[in-house]
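Remarks on the overall topology
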Amino acid sequence: SGGANELRRHLENLARNIQTEEDSKKYIIGIFDNDAKGNQEFEGLNKDNFDFINNRLRKHKSLNIYAIKLPIPDDVVCNAYHQDKQEFRFFSIEHYFPLEFLQSHNMVKGTAIPGVYEIRGNKNDFAKMVQEQSDEKLFFKFTFLLRSIDEICGMEVTYFD
């Protein structure tokens, strides 16, 4: 609930404070929104401790602590979210939900970029409401994130598309 800055600081603190061998074997994955603030904090992780695996993934040098920027689905609906300039990046985890669903809950606001919406409203209330949803179609695009997490953990899972 603290945002990207708190997530970055939490990952760095975890890296400093892990003391047991059992804890050092656990996988910790911090997920950053692929928006302006998420990119800023992802890039701001301590470079002495976190190496870049690629432009969306960083790993602590000696621990299984990872930072990942949300993967943006490569489809017609999400293509507009692939922006070069950091200040024009708006993709957050809520964007995995269908636009109609977000609109029906008053969670989006248009931007100057055609086809790109900014998430607004109370994210915590929205998250609580989402927990009560059972329509699997609402969660379809989350497989993009889940596949990335599976890859980090060395797991192979088959998702039904």
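Residues numbered from 1 in each chain as written. Predicted model: local features only at pLDDT ≥ 70, side-chain atom pairs only at ≥ 80, totals over all residues. Heavy atoms only, no water.

**Observations regarding unusual backbone geometry**
For Asn106, which is not glycine, the phi dihedral falls at a positive 55°. Tracing the backbone through its elements, the reader meets Asn106 in the loop between α4 (99–104) and β7 (108–110). Assessed through its relative accessible area of 49%, Asn106 is described here as partly exposed. (Helix = DSSP H or I, 4+ residues; strand = E, 2+ residues; numbered from the N terminus. Buried < 20%, exposed > 50% of the residue type's maximum accessible area, 1.4 Å probe, protein only.)

**Here's the deal with the packing of aromatic side chains**
Inspection of every chain in the model, using the stated rule, returns 12 aromatic pairs. Between Phe42 and Phe52, the ring centres sit 6.1 Å apart and the planes meet at 75°, which makes this aromatic pair edge-to-face. With Phe42 in helix α3 (residues 36–43) and Phe52 in strand β3 (residues 50–54), this pair connects stretches of sequence that are 10 residues apart. Measuring from centroid to centroid gives 5.6 Å for Phe97 and Phe126, while their planes differ by 90°, and the two rings are edge-to-face. Linking Phe97 in the loop between β6 (90–91) and α4 with Phe126 in helix α5 (residues 123–130), this pair joins segments that are 29 residues apart in sequence. Relative accessible area serves as the criterion here: at 8%, Phe97 is assigned to the buried category. Judged by relative accessible area, which is 5%, Phe126 ranks as buried. Linked through ring pairs, Tyr81, Phe91, Tyr96, Phe97, Phe101, Phe126, Phe139 and Phe142 together constitute an aromatic cluster. The side chain of Arg58 reaches across the aromatic face of Phe42, ending 5.9 Å from its centre. Residue placement shows Arg58 over the ring face of Phe52; its charged tip is 4.0 Å from the ring centre. (Phe/Tyr/Trp six-rings, centres within 6.5 Å; stacked < 30°, edge-to-face > 60°. Lys NZ or Arg CZ within 6 Å of the ring centre and 35° of its normal.)

**Description of the sheet that holds strand β1 (residues 28–32)**
Either a parallel or an antiparallel arrangement is found when strands of a sheet pair, and the pairing is made through backbone hydrogen bonds. Spatial strand order, β1-β5-β4-β3: 4 strands in an open sheet with mixed pairing. Each having just a single partner strand, β1 and β3 make up the two edges of the open sheet. Here the strands of the sheet are splayed against their neighbours by 25° on average, with no regard to which way each runs. For β3 and strand β4 (residues 57–60), the ladder comprises 4 bridges, and the chain directions are antiparallel. By the bridge assignment for β4, Phe50 is matched with His60. Of the strands in this sheet, β1, β3, β4 and β5 (65–69) are in contact with α3, which crosses β5 at around 150°. (Pairing = 2+ DSSP bridges. Axes fitted to C-alpha atoms, helices over the stretch in contact; angles between N-to-C directions. Contact = heavy atoms within 4.5 Å.)

**Some words on the layout of surface pockets**
Taken as a whole, the second largest pocket holds about 220 Å³ of empty space. Surrounding the second largest pocket, 16 residues form its lining, Val77, His95, Phe97, Leu99 and Lys141 being those nearest its centre. With 3 residues, the top contributor of residues to the lining of the second largest pocket is α4. Here the lining of the second largest pocket is composed, by residue class, of 11 nonpolar, 2 polar and 3 charged. (1 Å grid on protein atoms, 1.4 Å probe; cavity = no way out; pocket = protein on both sides within 12 Å on 5 of 7 lines; lining within 4 Å. Points joined across faces, edges and corners; volume = space filled by probe spheres on them. Nonpolar A, V, L, I, M, F, W, Y, C, P; charged D, E, K, R; others polar.)

**Thoughts on the pairing of β5**
Counted residue by residue, β5 has 5 buried out of 5 residues, so it is predominantly covered. Across 5 bridges, the pairing between β1 and β5 is parallel. By the bridge assignment, Ile31 is partnered in β5 with Ile68. As paired strands, β4 and β5 are joined by 3 bridges and run antiparallel to one another. When the bridges of β5 are listed, Lys59 appears paired with Tyr66. Counted between consecutive antiparallel strands, the loop separating β4 from β5 contains 4 residues.

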